[in-house]
Amino acid sequence: SKLLSGDAQGAQSDLVASLRLDPRPGEVWRELGEAQLALGNRNGALLSMQRAQRRQPDDVRVLERLGRLALDRRDYELAASVLGRLRQQDLEAVDPALPFIVGAQLGRSLTALGYVNAALEPLSEAAELPERFTQSTTRQEALALVYRQRGDVWRDIGDAHARLGDVESALEAYERAAILP
């Protein structure tokens, strides 16, 4: 494919031509979104991924990319919706790092929306990331971000417990946050 060989512009042209013939295939919308992203067109990529998701609501690649694009735009409602749906998939079968990544992203989105109680579970899952990740993953960059943000995740967990009146759990979370960079 042209996208894999680095010709994002050519891939975009071919995919647009394909969609003119038949706009139904979600895979084509997903690949168009990837091409647009490679070209720096984040708004176009977001729209294409949304169209792909309407056609393939459980496509892990689409949900993952759409969630990330929504987070980058600080569209926490869209991010929480998409990441919540993504979290229902068998993420570990796709990539063993994905449950931690999605947990952190969903927890942050829910926290930003004020859904503190709902954020606790995905944040707690993300916080349980092992000291050293020994499994093979294709999401090293996203996993590295979760590792760097573990202290922040534990602080968010502490804040959530504090807002919910669970002072003891909040203090435990703050203690765990304090020992992390």
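Structure shown above.
First things first, this report covers the structure right here in the doc. Treat the numbers as computed from the prediction; the structure is a model and nothing was measured.

Examining the packing of helix 4 (residues 60-72) against helix 7 (residues 98-112)
Packed helices, taken two at a time, are described by their axes: the angle between them and the distance between them.
Thinking step 1. Between helix 4 and helix 7, the least distance of the axes is 11 Å, while the angle of their chain directions is 40°. Considering the angle they form, helix 4 stands oblique to helix 7. Judged by the twist between their axes, the crossing of helix 4 over helix 7 is left-handed. Two secondary-structure elements touch here, helix 4 through Val60, Glu64, Arg68 and Leu71 and helix 7 through Leu98, Gln105 and Ser109.
Thinking step 2. Classifying every residue of the contact of helix 4 with helix 7 gives three nonpolar, two polar and two charged.

Things to note about the packing of aromatic side chains
Thinking step 1. What the rule picks out here adds up to one aromatic pair.
Thinking step 2. Plain terms: the ring middles of Phe100 and Phe133 are 6.1 Å apart, the flat faces sit at 90° to each other, and that makes the pair edge-to-face. Placement of Phe100 in helix 7 and of Phe133 in the loop between helix 8 (116-127) and helix 9 (140-148) is noted, with a sequence separation of 33 residues between them. One exposure class covers both Phe100 and Phe133, and it is buried.

Details of helix 2 (residues 26-38)
Thinking step 1. In this model helix 2 runs 18 Å from its N-terminal to its C-terminal C-alpha over 13 residues, within 8% of the 18 Å that 1.5 Å per residue would give.
Thinking step 2. For helix 2, the set of buried residues is Gly26, Val28, Trp29, Arg30, Leu32, Gly33, Glu34, Ala35, Gln36 and Leu37.
Thinking step 3. Positive backbone phi, approximately 85°, marks Gly40, located one or two places after helix 2.

As for unusual backbone geometry
Most of the time, phi is negative for any residue but glycine, and the peptide bond is trans.
Thinking step 1. Positive phi is not limited to glycine here, since Arg74 has a value of about 60°.
Thinking step 2. Take Arg74: it is sitting in the loop between helix 4 and helix 5 (76-87).

Some details on the environment of Trp154
Thinking step 1. Inspection of the secondary structure assignment puts Trp154 in helix 10 (residues 150-163).
Thinking step 2. Look past the residues within four positions of Trp154 in its chain and what remains in contact with it is Ala127, Glu128, Ala173, Arg176, Ala177 and Leu180.

Points about the pattern of salt bridges
Thinking step 1. Within the structure shown, the criterion is met by 17 salt bridges.
Thinking step 2. The salt bridge involving Asp14 is made with Lys2; its shortest N-O contact spans 3.0 Å. One end of the pair, Asp14, is in helix 1 (residues 8-21); the other, Lys2, is in the segment before helix 1, with twelve residues separating them in the sequence.
Thinking step 3. When its relative accessible area of 40% is taken as the criterion, Asp14 is described as partly exposed.
Thinking step 4. Note on Lys2: relative accessible area 37%, which makes it partly exposed.

Calculation rules
Residues numbered from 1 in each chain as written. Predicted model: local features only at pLDDT ≥ 70, side-chain atom pairs only at ≥ 80, totals over all residues. Heavy atoms only, no water. Axes fitted to C-alpha atoms, helices over the stretch in contact; angles between N-to-C directions. Helix = DSSP H or I, 4+ residues; strand = E, 2+ residues; numbered from the N terminus. Parallel < 35°, antiparallel > 145°, perpendicular 65-115°, else oblique. Left-handed = near helix turned anticlockwise from the far one by under 90°. Contact = heavy atoms within 4.5 Å. Nonpolar A, V, L, I, M, F, W, Y, C, P; charged D, E, K, R; others polar. Phe/Tyr/Trp six-rings, centres within 6.5 Å; stacked < 30°, edge-to-face > 60°. Buried < 20%, exposed > 50% of the residue type's maximum accessible area, 1.4 Å probe, protein only. Expected span 1.5 Å × (residues − 1). Salt bridge = Lys/Arg side-chain N within 4 Å of Asp/Glu carboxyl O.

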